[in-house]
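Residues per chain, in single letters:
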Amino acid sequence: MPEPHAMEQHFRAHSRVKEFTAHGAKVHSVAWSCDGRRLASGSFDKTASVFLLDKDRMVKENNYRGHGDSVDQLCWHPLNPELFVTASGDKTVRIWDVRSNKCAATVNTKGENINICWSPDGQTIAVGNKEDVVTFIDAKNYKTKAEEQFKFEVNEISWNNDNDLFFLTNGNGCISIMSYPELKPIQSINAHPSNCICIKFDPTGKYFATGSADALVSLWDANELTCVRCLSRLDWPVRTLSFSHDGKMLASASEDHFIDIADVDTGEKLWEVHCDSPTFTVAWHPKRPLLAFACDDKDGKYDNSRDAGTVKLFGLPNES
């Protein structure tokens, strides 16, 4: 696998963006299974799609229907590559099994769901809704085991890699940290001067990154909870982040028409992936330097463009 100092040369040889139609409307979320064999996407069209990575091409495996509203976010089981979960505005969470191509369980929640994550040990699913309530679901029996109502705008949620802390980014520019499973407030970090939108932990557990409405990406030491550096190459609010499988690269995107790929150790730019429209979801493959992303149609502004319903891949070998 190429090291970061060779990444510019690697990306030059793999710089062609390949795209495939996944949905009939804009794609809100993309995520890889833990083994890297499958890519799932969730869409405004109320469905999820799963594609199989066959060598260097994507083959559509199935389309998952059942939600009554937009699928806003999805994620895979961290240890089982055959289960994924979707969060929808229809006030439900659905767990899907790719072996049966069916919904394994439906969990009713109190509000319109907008963000979701699966704990690193695979035991719990957390889902946040538009009313800033986070619901914790037992991943064995799919029963709700805790609910927390927050007094601030909750944007994105995540466990740390050790599974003993729970992080929330909020509308006050803070990172709120709670103990887990006790769910007791531990610390609130003033991370940004404006809305703190997204958060992502790197696979090695060394760092986490946050993105904000101030257009900055902040890199944090996960143990010391101190800011290591800031990246300032984007001009618009940072909507999505993803670390590469080895923790050495960080992709960030916004309404800027490019995805920034940074060297985590230095903060230097390794590459720009150019896009035709805003990008609100990115996901590195769990085993190789292959980036999946989807561009937003901006509430109908790009309905006539090829971006609506399209998922894209950057990092596959260029065709001769």
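Our structure is the block above this text.
To start, this report covers the structure provided alongside it. None of the values given here were measured: they were computed from a predicted structure. (Residues numbered from 1 in each chain as written. Predicted model: local features only at pLDDT ≥ 70, side-chain atom pairs only at ≥ 80, totals over all residues. Heavy atoms only, no water.)

1. Some points on the pattern of salt bridges
Phase 1: All told, the structure shown has 10 salt bridges when counted by the stated rule.
Phase 2: Here Arg 38 and Glu 61 are joined by a salt bridge, their closest N and O atoms 2.7 Å apart. Of this pair, Arg 38 sits in strand β3 (residues 38-43) while Glu 61 sits in strand β5 (residues 57-64), and the two are 23 residues apart along the sequence.
Phase 3: The class of Glu 61 is partly exposed, set by a relative accessible area of 30%.
Phase 4: Put simply, Lys 269 and Glu 272 hold a salt bridge, and the shortest N to O gap is 3.3 Å.
Phase 5: On the basis of relative accessible area, Lys 269 is assigned to the partly exposed category, the value being 42%.
Phase 6: One network of salt bridges, with partners in common, ties together Glu 82, Asp 97 and Arg 99. (Salt bridge = Lys/Arg side-chain N within 4 Å of Asp/Glu carboxyl O. Helix = DSSP H or I, 4+ residues; strand = E, 2+ residues; numbered from the N terminus. Buried < 20%, exposed > 50% of the residue type's maximum accessible area, 1.4 Å probe, protein only.)

2. Digging into the nonpolar core
Phase 1: Residues Phe 11, Ile 259, Ile 261, Phe 293 and Phe 314 are the most contacted members of the largest nonpolar core, which totals 17 residues.
Phase 2: Elements with a minimum of two residues in this core: α1 (7-13), β23 (249-253), β24 (258-263), β25 (269-274), β26 (279-284) and β27 (291-295).
Phase 3: Apart from the residues lying within four places of it in its own chain, the contact partners of Phe 293 are Val 17, Val 30, Ile 259, Val 273, Cys 275, Thr 279, Thr 281, Val 282, Val 311, Lys 312 and Phe 314.
Phase 4: Ranked by size, the runner-up nonpolar core spans 16 residues in total, among them Ala 22, Val 27, Ala 283 and Ala 294. (Core = buried A, V, L, I, M, F, W, Y, C linked by side-chain atoms within 4.5 Å. Contact = heavy atoms within 4.5 Å.)

3. Observations concerning the packing of aromatic side chains
Phase 1: This structure, assessed with the given rule, holds 15 aromatic pairs.
Phase 2: Between the aromatic rings of Tyr 64 and Phe 84, the centroid separation amounts to 5.3 Å while the plane-to-plane angle is 85 degrees, which identifies the pairing as edge-to-face. Of this pair, Tyr 64 sits in strand β5 while Phe 84 sits in strand β7 (residues 83-88), and the two are 20 residues apart along the sequence. Note on accessibility: Tyr 64 and Phe 84 belong to one class, buried.
Phase 3: Ring geometry for Trp 159 and Tyr 180: centres 5.3 Å apart, planes at 90 degrees, overall edge-to-face. Taken together, the residues span a long stretch of sequence, with Trp 159 in strand β14 (residues 154-159) and Tyr 180 in the loop between β16 (174-179) and β17 (185-190) at a distance of 21 residues. (Phe/Tyr/Trp six-rings, centres within 6.5 Å; stacked < 30°, edge-to-face > 60°.)

4. Remarks on the sheet that holds β24
Phase 1: The sheet built from 4 strands is open, its strands ordered β22-β23-β24-β25 with antiparallel pairing. Edge positions in the sheet fall to β22 (240-243) and β25, since each has one partner strand and no second. Between one strand axis and the next, the sheet turns through 20 degrees on average, direction left out of account.
Phase 2: Bridge count between β23 and β24: 4 bridges; the pairing is antiparallel. (Pairing = 2+ DSSP bridges. Axes fitted to C-alpha atoms, helices over the stretch in contact; angles between N-to-C directions.)

5. Let's talk about the sheet that holds β26
Phase 1: Taken in spatial order, the 4 strands line up as β1-β28-β27-β26 in an open sheet, and their pairing is antiparallel. Every interior strand has two partners, whereas the edge strands, β1 (17-21) and β26, have only one. Pairwise comparison of adjacent strand axes, ignoring direction, gives a mean angle of 25 degrees for this sheet.
Phase 2: Taken together, the 5 bridges between β26 and β27 define a ladder with antiparallel strand orientation. Bridge pairing in β27 links Val 282 to Phe 293.

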